[in-house]
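Observations on the model geometry
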Amino acid sequence: MDEQRPVKIKVRGLSKVFGKQPKKALALRDQGLNRSDILEKTGQTLGLSNISFDVYEGELLVIMGLSGSGKSTLIRCLNRLIDTTEGEIIIDGENIPTLGEKALLACRRRHFSMVFQNFALFPHRTVQENAEFGLEIRGIAKTERKQIAHTALKQVGLEGWEDAYPNQLSGGMQQRVGLARALANDASVLLMDEAFSALDPLIRKDMQQELLQLQTRMQKTTVFITHDLDEALNIGDRIVLLKDGEVVQIGTPEEILTQPADDYVRRFIESVDRSRVLTAASAMRPLRTTARDSDGPRTALHRMRDHALDSIYVTDRDRQLLGLLEAEAANTAIQEGAESISGYLTQDFRKVPPDEPLHHLFAMFSEKSFPIAVIDEQHRLQGVVVKGAVLDELAKAGEQ
Amino acid sequence: MEIPHLPLGSWIETGLNWLTSEYSVVTRGISRFTQTGINSLNDGLMWLPEWALLALIALLCWKLAGPRLAIGGAAGLALIWNMGLWNPMIETLTLVVIATLVAIIIALPVGIAAALSERLYRVIMPVLDFMQTMPAFVYLIPAIPFFGIGSVSAIFATVIFSMPPAIRFTTLGIRQVPIELIEAADSYGATRSQKLFKVQLPLSLPTVMAGINQTIMLALSMVVIAAMIGADGLGSEVWRAIQRLRPGDGFEAGIAVVILAMLLDRLTQSFRRTSK
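Residues numbered from 1 in each chain as written. Chains lettered and ligands numbered in written order. Predicted model: local features only at pLDDT ≥ 70, side-chain atom pairs only at ≥ 80, totals over all residues.

**Let's talk about the overall build of chain A**
Filter applied, for reference: The numbering of helices and of strands both runs from the N terminus, where a helix is a DSSP run of H or I of at least 4 residues and a strand a run of E of at least 2.
In terms of regular secondary structure, chain A is built from 17 helices and 16 strands. With respect to the principal axes defined by its C-alpha atoms, chain A has extents near 85 × 60 × 40 Å.

**A look at the UniProt feature "domain: ABC transmembrane type-1" (unreviewed entry) in chain B**
Selection criterion: UniProt positions are given in the numbering used here, feature names are shortened, and annotations may be inferred rather than shown by experiment.
Mapped onto the present numbering, the UniProt feature "domain: ABC transmembrane type-1" (unreviewed entry) falls on residues 89-268 of chain B. Secondary structure within residues 89-268 of chain B divides into 87% helix and 0% strand; the distance between the first and last C-alpha atoms comes to 18 Å.

**Digging into the sheet that holds strand β15 (residues 372-375) of chain A**
Applicable threshold: Only when DSSP finds a minimum of two bridges between them are two strands counted as paired.
Taken together, three strands build an open sheet; the order of strands is β14-β15-β16 (chain A) and the sheet is mixed. Of all the strands in the sheet, the pair left with one neighbour each is β14 (351-352) and β16 (381-385) of chain A.

**Examining the UniProt feature "domain: ABC transporter" (unreviewed entry) in chain A**
As recorded in UniProt, the feature "domain: ABC transporter" (unreviewed entry) lies at residues 28-269 of chain A. Between the C-alpha atoms that bound residues 28-269 of chain A there is a distance of 32 Å. The span itself is 45% helix and 21% strand.

**Examining the confidence of the model for chain B**
Residue and element names in this part refer to chain B. Rules: On a range of 0 to 100, pLDDT expresses the predictor's confidence in each residue.
Chain-level pLDDT for chain B is 89 on average; 98% of the residues reach the 70-or-more range. Within chain B, helix α9 (residues 179-187) carries the highest mean pLDDT (94), whereas helix α7 (residues 136-147) carries the lowest (83). Scoring the predicted complex yields pTM 0.74 and, for the interface, ipTM 0.76.

**Side note on the UniProt feature "transmembrane region" (unreviewed entry) in chain B**
Residue and element names in this part refer to chain B. Taken from the UniProt record, the annotation "transmembrane region" (unreviewed entry) applies to residues 51-81, 93-116, 136-161 and 203-230. With 100% helix and 0% strand, the stretch residues 93-116 has end C-alpha atoms that lie 34 Å from each other. Helix and strand shares over residues 203-230 are 82% and 0% respectively, and the end C-alpha atoms of the span are 41 Å apart.

**A closer look at the packing of helix α10 (residues 192-225) of chain B against helix α11 (residues 234-244) of chain B**
Residue and element names in this part refer to chain B. Which entries qualify depends on this criterion: Angular values range over 0 to 180 degrees, each being the angle between N-to-C directions of two axes fitted as lines to C-alpha atoms, with helices fitted over their stretch in contact. An angle counts as roughly parallel when it lies under 35 degrees, as roughly antiparallel when it exceeds 145, as roughly perpendicular when it falls between 65 and 115, and as oblique in every other case. Less than a right angle of anticlockwise turn of the near helix away from the far helix marks a crossing as left-handed, whereas a clockwise turn marks it as right-handed. We call two residues in contact when the distance between their C-beta atoms, placed using the backbone, is within 7 Å. Residues were grouped as follows: Ala, Val, Leu, Ile, Met, Phe, Trp, Tyr, Cys and Pro as nonpolar; Asp, Glu, Lys and Arg as charged; and all remaining residues, including Gly, as polar.
Here α10 crosses α11 at 45°, and the two axes come no closer than 7 Å. Between α10 and α11, the interaxial angle falls into the category oblique. For the pair α10 and α11, the sense of crossing is right-handed. The segment α10 lies against α11, with V223, V224 and I225 engaging L234, G235 and V238. Its residues assigned to classes, the contact of α10 with α11 shows five nonpolar, one polar and no charged.

**Quick word on helix α4 (residues 67-82) of chain B**
All names here are of chain B. Put simply, the rule is: What a helix should span is 1.5 Å times the count of its residues minus one. Partly exposed residues are those falling between the two cut-offs: more than 12 but fewer than 20 other C-beta atoms within 10 Å of their own, whereas 20 or more means buried and 12 or fewer means exposed, with C-beta atoms placed from the backbone. Each C-beta atom gives one direction from the helix axis, and the arc is the one those directions make.
Spanning 16 residues, α4 covers 22 Å between terminal C-alpha atoms, matching the ideal 22 Å at 1.5 Å per step. Of the positions making up α4, those classed as buried are L69, G73, L77 and I80. Down the axis of α4, the smallest arc covering the buried residues is 55°, so these residues share one side. Across α4 from its buried face, at more than 90 degrees, point the exposed residues P67, R68, A75 and N82. Directly beyond the C-terminal end of α4, a positive phi value near 75° is found at G84.

**Regarding the interface of chain B and chain A**
In this complex, chain B contributes 14 residues to the contact, which on the side of chain A involves 16 residues. Those elements that provide at least two residues to the side of chain B that touches chain A are α9 and α10 of chain B. Ranked by the residues each element gives to the side of chain B that touches chain A, the list is headed by α9(B), at six residues. Class assignment for the residues of the side of chain B that touches chain A results in seven nonpolar, four polar and three charged.

**Re the pairing of strand β7 (residues 189-193) of chain A**
All names here are of chain A. Most of β7 is tucked away, with five of its five residues classed as buried. Of the two faces of β7, the one holding V189, L191 and D193 and the one holding L190 and M192 are both buried throughout. Bridge count between strand β6 (residues 112-115) and β7: four bridges; the pairing is parallel. Residue F112 lies in a different strand from β7, and its bridge partner there is V189. Taken together, the five bridges between β7 and strand β8 (residues 221-226) define a ladder with parallel strand orientation.

**As for the packing of helix α5 (residues 127-137) of chain A against helix α7 (residues 171-185) of chain A**
Residue and element names in this part refer to chain A. One can describe the packing of α5 onto α7 by two numbers: an axis separation of 7 Å at closest approach and a directional angle of 35°. As for the relative orientation of α5 and α7, their crossing is right-handed in sense. Residues V127, N130, A131, E132, F133, G134 and L135 of α5 form the contact with α7, whose participating residues are V177, A180, R181, A184 and N185. Classifying every residue of the contact of α5 with α7 gives seven nonpolar, three polar and two charged.

**Here we look at the sheet that holds β7(A)**
All names here are of chain A. Strands sit in the order β6-β7-β8-β3-β9-β10 across an open sheet of six strands; the sheet is mixed. Each edge of the sheet is formed by a strand with only one pairing partner; in this case those strands are β6 and β10 (246-251). For this sheet, the mean angle separating the axes of adjacent strands, direction not counted, is 20°. Where strand β3 (residues 60-64) meets β8, five bridges bridge the pair, whose relative direction is parallel. Among the inter-strand pairings, V62 is bridged to a residue of β8, identified as F224. Against the sheet, α7 makes contact with β6 and β7, and its axis sits at roughly 175° relative to β6, the strand it touches most.

**A few points about the environment of L48(B)**
Inspection of the secondary structure assignment puts L48(B) in the loop between α2 (24-47) and α3 (50-65). Residues L48(B) and L245(B), spaced 197 residues apart in sequence, show a C-alpha to C-alpha distance of 33 Å.

Right, here's the structure in full:
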């Protein structure tokens, strides 16, 4: 489904060399030398090497890596706070590295709002004036920008603080101002550079939740940089994992966890609390058999016997889940001479969507021993999760 | 073997002579203009009765720095008045004010330019070192052929001597604006001038004010020395006391300089605090 989504930013073959002889460094890279060899030979630092990825419209893409992985360089290349050495960054048909000075300013104004790790608020401006900054730069009239900034401040819960100065606020509140400044600007892409890393853990979790809520409400294309895998897994629609200036893996949080591309990723994810991010879909098994609502009780019972089941899920022609038929109920239907099983179904079982976290499923098993049905948005039966599979999945994850 | 003497001095003299004769129109124009400025400011300040100016300055101190400076300033000025040094004090003040204004008008743009251009920075910094370490008296010598004996030459020498801190502090103030804030301004698409006027200058203001404070102090010390080339004011009182060997008169004039210096220093420092 990802492939069909419109691409907002297309990054292709992006490299960045810090130093005065970038060509030399890139030539050595093409000969297969690694970062530290190139530094030793030429004194040039290969910050980013041959990075390619897409940012889809409306998604929250996390770029993750440890310090020195090049993630901060990468986000600064997107809006060209740092000039690139080679490669393309295409946003709405414009190739950012080749823009002239005027066009670059216009591009930054139209497309990018940025939130910084250490907030980067202007200490000589009030909260309100900080939030207005992007609009002021674009030359929006005073009354209008006041209105917009006020709305943005309200969105981040800072109503009533308009006249305070940044140094009068706590870290969390300061970053809310940073967020409001970015939101007020209403650019098409939100860049967040370790935006929550300087906050203490509790506030950080809150801010992550709020960002997610904003994101669902506004569907703003967001590129979020972090060194924290937990954070990446928590908020990212997709994750780009960087190491030593190269992309190691791109995928959804679940793909990264369940199919790590290499040992580096595997070691990286070791520390994560897996049960929280694994979902029902990963432990789901396809159904060996189902019954149709038009089936007679004998057919249904026969299927159960064939597959050694004591209950069977019943769907209609479109695989819409109707209910569960237990063996006893099928027996009763036969005794009562019923033509179809549709009157004997029970709804006394659990249904979950595919993205339900795995640890939620544990609690459900303790009540009933029926397999949990996994249904999609159209209420179609996708598969079932049995208790053993959940344990198995968690154990597998634990071994890695 | 005799090593030939490098005729550095005669080169400089030739250069200065050429400048004086070629640009005498310019220098005479500047001289007349400056002299008019000095005279009118002097006349204006002296037109006010002593007590009125004293009260005015005390009020200014009160507004900017509070009652302590107001009382101290009033007492100091009263002492100067009492010593009969009021008019020389006004003349010195005028020289300081005009020299400082000229210095600031030149220093701010130069300081900003040096902060924004690495190349210019590398050219200007050694020039500033030269200006500051060259013994102050030396500037008095070429000032005389340019502008003749008197207050205009004093201002010329004073401007050159007192300008470096204003340039340095302006450059420093702009350069020490945190990089994140520059990035923030850039990331929202600010032009160079938007960045300068909305971010860099406001944030460097306290540092710039510190530089201006230094400039005023240096200007005051220089206009006193400039009495040697005929500048009026407290300096010429000191100069006269030296020539007549009258330590009492010398100290009286010296104390008046100290009072004026402290008053100007505290006042500009309070500017700095309020601008923060």
